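Observations on chain architecture
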Amino acid sequence: GIQVEQSPPDLILQEGANSTLRCNFSDSVNNLQWFHQNPWGQLINLFYIPSGTKQNGRLSATTVATERYSLLYISSSQTTDSGVYFCAVGGNNRLAFGKGNQVVVIP
Amino acid sequence: GAGVSQSPSNKVTEKGKDVELRCDPISGHTALYWYRQRLGQGLEFLIYFQGNSAPDKSGLPSDRFSAERTGESVSTLTIQRTQQEDSAVYLCASSSPPPGLAGGRGDTQYFGPGTRLTVL
């Protein structure tokens, strides 16, 4: 199956800092999503981005499908950004998830 | 509108007992998915439904696991003779028809809050 690698696995940020999370995947895909899993375990959709660039407030994402990677940018981080960020890729039937980026934003 | 809902939110059971987990997808979503998340890990795919048929069951870890779906609505995941390694959060997701079909927004999957299963 498709392999998904996320880096860095753990990240500690000072509030207000910017960061970039990376997702590499091993095969062509027609679905790529970024999620934020909050401390209560809920998966929140951030982006559906199999290719191109999207922005939503302080978050933006870029996927370069031909090179099989995606980046999630967090600008001016806030403590509410803490949690695990998952990249998931796949086709119509299933998503393959990476192990996540554990982000802690300290005040 | 309402999101994906799951019940129960927590389930504690004894080894060897059967459990049923329920998922109510977003209204109008024809595709439904079950995933499992072990502590500190990413999600593992279990099964996919399109309508009430399951074209992809390849993620079910053993024949103790089964799932069914009624029409394009509720799904139930059943685990028989539970084992301690079944302890995990079980998450359900749904999605709308792909582009080209009525009302589709692509394959964005929307997740429920999960059921935390603990097998003692």
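Helices and strands together make up the secondary structure of chain A, namely zero helices and eleven strands. Going residue by residue from the N terminus, the α and β elements of chain A occur as β-β-β-β-β-β-β-β-β-β-β. Judged by the C-alpha coordinates and their principal axes, chain A covers about 40 × 25 × 20 Å. At a minimum sequence separation of 6, the contacts of chain A that also span at least 24 residues come to 54%. Distance between charge centres in chain A, computed from 6 positive and 6 negative side chains, equals 7 Å.

Attention now goes to the pattern of salt bridges. Residues and elements named next belong to chain B. Within this structure, the stated rule accounts for seven salt bridges over all chains. In this structure, Lys-17 and Glu-14 form a salt bridge, with 3.9 Å as the shortest nitrogen-oxygen distance. Taking the relative accessible area as the measure of exposure, Lys-17 reaches 44% and is therefore partly exposed. Here Asp-86 ties to Arg-64 by a salt bridge, and the two come within 2.8 Å at their closest N and O atoms. Of this pair, Asp-86 sits in the loop between β8 (75-79) and β9 (88-95) while Arg-64 sits in the loop between β6 (53-56) and β7 (65-69), placing them 22 residues apart in sequence. Take Asp-86: its relative accessible area is 2%, and that puts it in the buried class. Via salt bridges that share partners, Arg-36, Arg-38 and Glu-44 belong to a single interconnected network.

Looking at where A:Leu95 falls in the secondary structure, it is placed in strand β10 (residues 95-97). With a relative accessible area of 1%, A:Leu95 lands in the buried category. Considered as a pair, A:Leu95 and A:Leu32 are 63 residues apart in the sequence and their alpha carbons are 8.2 Å apart. Ignoring any residue separated from it by four or fewer positions in sequence, one finds A:Leu95 in contact with A:Asn31, A:Gln33, A:Phe35, A:Ala88, A:Val89, A:Gly90, B:Tyr35, B:Phe45 and B:Gln109.

The subject of this paragraph is the pairing of β9(B). Residue and element names in this part refer to chain B. Where burial is concerned, most of β9 is hidden: eight out of the eight residues are buried. Where strand β4 (residues 31-37) lies against β9, seven bridges are found, and the strand directions are antiparallel. Bridge pairing links Arg-36 to Tyr-90 in β9. As judged from the three bridges shared by β9 and strand β11 (residues 115-119), these two strands associate in the antiparallel manner. From the neighbouring strand, Ala-88 faces β11, where its bridge partner is Leu-117. Both β9 and strand β10 (residues 110-111) contribute to a ladder of two bridges, which runs antiparallel.

Another point: the sheet that holds strand β1 (residues 4-7) of chain A. Strand pairing within a sheet occurs via backbone hydrogen bonds; the two strands may be parallel or antiparallel. All names here are of chain A. Across the sheet, which stays open at both edges, the five strands sit in the order β1-β3-β8-β7-β6 with antiparallel pairing between neighbours. Strands at the two margins of the open sheet, each flanked by one partner only, are β1 and β6 (52-56). Within the sheet, the average angular offset between the axes of one strand and its neighbour, ignoring direction, is 15 degrees. In this structure, strand β3 (residues 19-25) lies alongside strand β8 (residues 69-74), joined through six bridges in antiparallel fashion. Of the residues in β8, the one forming a bridge with Arg-22 is Leu-71.

A word on the pairing of β11(B). Residue and element names in this part refer to chain B. With burial as the criterion, only one face of β11 is covered, namely that bearing Thr-115, Leu-117 and Val-119; the residues Arg-116 and Thr-118 on the opposite face remain uncovered. Alignment of strand β2 (residues 10-13) against β11, held across four bridges, turns out to be parallel. Pairing of Asn-10 across the sheet is with Arg-116, part of β11.

Turning next to the layout of surface pockets. Taken as a whole, the largest pocket holds about 540 Å³ of empty space. Lining the largest pocket are 26 residues, and of these A:Gln37, B:Gln37, B:Leu39, B:Gly40 and B:Arg116 sit closest to its centre. Looking at the lining of the largest pocket, the elements that each hand over two or more residues are β9 (83-90) of chain A together with β9 and β11 of chain B. Approximately 360 Å³ is the volume attributed to the second largest pocket. Lining the second largest pocket are 16 residues, with A:Ile2, A:Ala96, A:Phe97, B:Leu43 and B:Glu44 sitting closest to its centre.

Rules used throughout
Residues numbered from 1 in each chain as written. Chains lettered and ligands numbered in written order. Predicted model: local features only at pLDDT ≥ 70, side-chain atom pairs only at ≥ 80, totals over all residues. Heavy atoms only, no water. Helix = DSSP H or I, 4+ residues; strand = E, 2+ residues; numbered from the N terminus. Contact = heavy atoms within 4.5 Å. Lys, Arg positive; Asp, Glu negative; His and termini not counted. Charge placed at Lys NZ, Arg CZ, Asp CG, Glu CD. Salt bridge = Lys/Arg side-chain N within 4 Å of Asp/Glu carboxyl O. Buried < 20%, exposed > 50% of the residue type's maximum accessible area, 1.4 Å probe, protein only. Pairing = 2+ DSSP bridges. Axes fitted to C-alpha atoms, helices over the stretch in contact; angles between N-to-C directions. 1 Å grid on protein atoms, 1.4 Å probe; cavity = no way out; pocket = protein on both sides within 12 Å on 5 of 7 lines; lining within 4 Å. Points joined across faces, edges and corners; volume = space filled by probe spheres on them.

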